[in-house]
2 protein chains.
Amino acid sequence: MSRCRLVIHGGAGVIDRASLTAEREAEFRRALHAIAADAYARLQTGATAIDVVENAVMALEDFPLFNAGHGAVLNADGVAELDASIMDGATRAAGAIAAARTPRNPIQLARAVMDRTEHVLLAGAGTDRLAAELGLPQVGPDYYVTAERAEQQRLAARLGKVTLDHDAVFNAPSPSDKTGTVGAVARDAHGHLAAATSTGGMTNKRVGRCGDTPIIGAGTWADDATCAVSATGHGEYFIRSALAYDVHARIAYGAQLLMDAGRAALARVQSLGGTGGLIAIDAGGNIAMPYNSEGMYRAWVGSDGAVNVAIYAN
Amino acid sequence: MSRCRLVIHGGAGVIDRASLTAEREAEFRRALHAIAADAYARLQTGATAIDVVENAVMALEDFPLFNAGHGAVLNADGVAELDASIMDGATRAAGAIAAARTPRNPIQLARAVMDRTEHVLLAGAGTDRLAAELGLPQVGPDYYVTAERAEQQRLAARLGKVTLDHDAVFNAPSPSDKTGTVGAVARDAHGHLAAATSTGGMTNKRVGRCGDTPIIGAGTWADDATCAVSATGHGEYFIRSALAYDVHARIAYGAQLLMDAGRAALARVQSLGGTGGLIAIDAGGNIAMPYNSEGMYRAWVGSDGAVNVAIYAN
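Residues numbered from 1 in each chain as written. Chains lettered and ligands numbered in written order. Predicted model: local features only at pLDDT ≥ 70, side-chain atom pairs only at ≥ 80, totals over all residues. Heavy atoms only, no water.

Caption draft 1: Geometry of the overall build of chain A. When its secondary structure is counted, chain A shows eight helices and 15 strands. Taken over C-alpha atoms, the radius of gyration comes to 17 Å for chain A, in line with the 20 Å a tight globule of 314 residues would show. With the C-alpha coordinates aligned to their principal axes, the bounding extent of chain A is approximately 50 × 45 × 35 Å. Working note: accessible area of chain A is about 9,600 Å², and carbon and sulfur atoms make up 50% of it. In chain A, the 27 positive side-chain charges and the 33 negative ones have mean positions that sit 3 Å from each other. (Helix = DSSP H or I, 4+ residues; strand = E, 2+ residues; numbered from the N terminus. Rg over C-alpha atoms; globule rule 2.2 N^0.38 Å. Areas by Shrake-Rupley, 256 points an atom, 1.4 Å probe, with all protein chains shown as cover. Lys, Arg positive; Asp, Glu negative; His and termini not counted. Charge placed at Lys NZ, Arg CZ, Asp CG, Glu CD.)

What follows is the structure in structure tokens.
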């Protein structure tokens, strides 16, 4: 039986089921299915977990309806600032970027921080300099902007609100577009784990605001000994709960099962007032995808090799 | 008996004992003693742990021989970029700034992120904008620079090295000045815990590089249920070990004692190749100050109310 496992997500949120049209839902499902199928095929042909999660997150970034890369939400200045991180469970090597403005694929630049610098986290203008030095693809600010994201930001600014991309508290022109952060976790044929996460953050956020996504231990964690985790939700609460590392710690020190650890870690976020979800795979190949919002865009491949897609609980 | 406890640090490093002159060592000891005595007196008169750690770290930032605020080390462009974070164990509220260039006291701006914004972490130019909006003291780049830091950066750049401020691998003009990150942890008269950390990072670091100091869960953690932790050392390894949260998790899920948890967490950093140390106080008022470098500048006040200062093991 294959050791390969894969989970991807496109954000958790309070997507009002009634407002998500059948056509739009089908579009989300097609994208999630195609990206998961491709990633799993790569794992099956021997690709490493770290390469597969990077590649899957690049594809999720390129899909305009998710809040990462092209289609990212806009900050209070109407500009996209991107956060991303990646971690290799085999070595605990990690790379991350925060408040970056030019990488075409933020996760690719996070991987470059991991592989090609002495550092783990770069923020702000330094990320643009690294991308230029290494010759990684860079884009102008218009690349990230879709018409719907621009309208969301104008509306949020008018209301004076900082909103989660999937937050339904204001009457956005097209609630079904308020999808979230993207991420991927994988176990490869060698049994190695990896995790990657990427986001545009919150609509109308303050310039320079970083959520949990670029924080190793909050939005992303991978350790072959325990699990790989990618989180999505209201980042401030996830940072204040060290969410991704908390799942690891509950397994490592509390001998909890992955699903129990994931649910308990999320309950701790909720006790502070935070909503969201996470995807995780443990060393034994178990999968957990708990969330405390109405839905979470997700796709996964378990031991049977079949690609599954879900948005709501059922 | 007073519940008040306090520990401060001025960085861990491989300070060559022979190269630290008696006069310079006395200068460090006087500063550590005065700052610890003042902070403990505030605790004794009812000040909260969160106010006391902020205030103690401001004093450490103002002391030019420590690598934080005035006297911070310089990046590859010869400019100081400051990281700081603070966390209140009573509420798990937290604030942090990364790669900031203008706050006179970085920890004060991190506290403002916690108290006066919806966010936890701001990076880069956004930190300057917040400081300006709130009217917090800002300074020009020359404020941070001391002649010795400028010489360290020129030397590191010539050798093409990124060095820890306290790293003895290159022949700095004055090795005794290569002191580190600063931090404070406290338990107040009400039993609440808090932690704060501030740094200039590594000499000749890449522009935008963030270490563990601005990362809640890596450089700083506080939870009344377990402990308050402030770390110092080679930040990349501390991030990849979620050092501060790891101490918490070992207590919360593994029922470890504070000293065992601190040592084990640091051993995990060391297994990756990282050196440094941490200071911690637990809910019961126990103190731990483990480090795996030659020395750590530190001062503490335990149950007897006496101010102690140490640099080396003895």
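Caption draft 2: Representation of the sheet that holds strand β13 (residues 287–288) of chain B in the model. All names here are of chain B. With respect to topology, four strands assemble into an open sheet ordered β10-β11-β12-β13, the strand pairing being antiparallel. Each having just a single partner strand, β10 (220–222) and β13 make up the two edges of the open sheet. Bridging between strand β11 (residues 227–233) and strand β12 (residues 276–282) involves seven bridges; their strand directions are antiparallel. If you follow Gly233 over to β12, its bridge partner there is Gly276. Lying on the sheet, helix α7 (residues 243–254) is in contact with β10, β11 and β12; it crosses β11 at an angle near 145°. (Pairing = 2+ DSSP bridges. Contact = heavy atoms within 4.5 Å. Axes fitted to C-alpha atoms, helices over the stretch in contact; angles between N-to-C directions.)

Caption draft 3: The packing of α7 of chain B against helix α8 (residues 258–272) of chain B, seen in detail. All names here are of chain B. One can describe the packing of α7 onto α8 by two numbers: an axis separation of 9 Å at closest approach and a directional angle of 135°. Relative to α8, α7 is oriented oblique. As α7 packs across α8, the resulting crossing turns out to be right-handed. Contacts between α7 and α8 involve Leu243, Asp246, Val247, Arg250 and Ile251 on the former and, on the latter, Leu258, Ala261, Gly262, Ala264, Ala265, Leu266, Arg268 and Val269. Residues belonging to the contact of α7 with α8 are distributed by class as follows: nine nonpolar, one polar and three charged. (Parallel < 35°, antiparallel > 145°, perpendicular 65-115°, else oblique. Left-handed = near helix turned anticlockwise from the far one by under 90°. Nonpolar A, V, L, I, M, F, W, Y, C, P; charged D, E, K, R; others polar.)

Caption draft 4: Seen up close, the packing of aromatic side chains. A full pass over the atoms with the stated rule returns 15 aromatic pairs over all chains. Plain terms: the ring middles of Phe28 of chain A and Tyr297 of chain A are 4.3 Å apart, the flat faces sit at 40° to each other, and that makes the pair tilted. Here Phe28 of chain A is found in helix α1 (residues 22–44), whereas its partner Tyr297 of chain A is found in strand β14 (residues 295–301), with 269 residues between them in sequence. Here Phe28 of chain A matches Tyr297 of chain A in class, with each residue buried. With centroids separated by 5.5 Å and ring planes inclined at 75°, the aromatic side chains of Tyr143 of chain B and Tyr144 of chain B adopt a geometry described as edge-to-face. Among the aromatic residues, those joined into a ring-pair cluster are Phe28, Phe63, Phe66 and Tyr297 of chain A. (Phe/Tyr/Trp six-rings, centres within 6.5 Å; stacked < 30°, edge-to-face > 60°. Buried < 20%, exposed > 50% of the residue type's maximum accessible area, 1.4 Å probe, protein only.)

Caption draft 5: Summary view of the environment of Leu257 of chain B. Structurally, Leu257 of chain B can be placed in the loop between α7 and α8. On the basis of relative accessible area, Leu257 of chain B is assigned to the exposed category, the value being 60%.

Caption draft 6: Spotlight on the sheet that holds strand β7 (residues 193–199) of chain A. The nine strands are arranged β15(A)-β14(A)-β1(A)-β6(A)-β7(A)-β2(A)-β3(A)-β4(A)-β9(B) in an open sheet whose pairing can be described as mixed. Sheet topology places β15 (307–310) of chain A together with β9 (209–210) of chain B at the edges, where each strand pairs with a single neighbour. Pairing of β14 of chain A with β15 of chain A involves four bridges; the strand directions are antiparallel. What sits directly across from Arg298 of chain A, in β15 of chain A, is Ala310 of chain A. Taken strand by strand, α1 of chain A contacts β1 (5–13), β6 (182–187), β14 and β15 of chain A, and its axis lies near 155° from that of β1 of chain A.

Caption draft 7: Representation of α8 of chain B within the structure. All names here are of chain B. A rise of 1.5 Å per residue sets the reference length of α8, with its 15 residues, at 21 Å; its end C-alpha atoms lie 22 Å apart and thus fit the reference within 8%. Within α8, burial applies to Leu258, Ala261, Gly262, Ala265, Leu266, Arg268 and Val269. Taken down its axis, α8 places every buried residue within 145° of arc, on the same side. Among the exposed residues of α8, those pointing more than 90 degrees away from its buried face are Arg263 and Ser271. Looking one or two places after α8, you find Gly273, whose phi comes out positive at around 110°. (Expected span 1.5 Å × (residues − 1). Arc of directions from axis to C-beta.)

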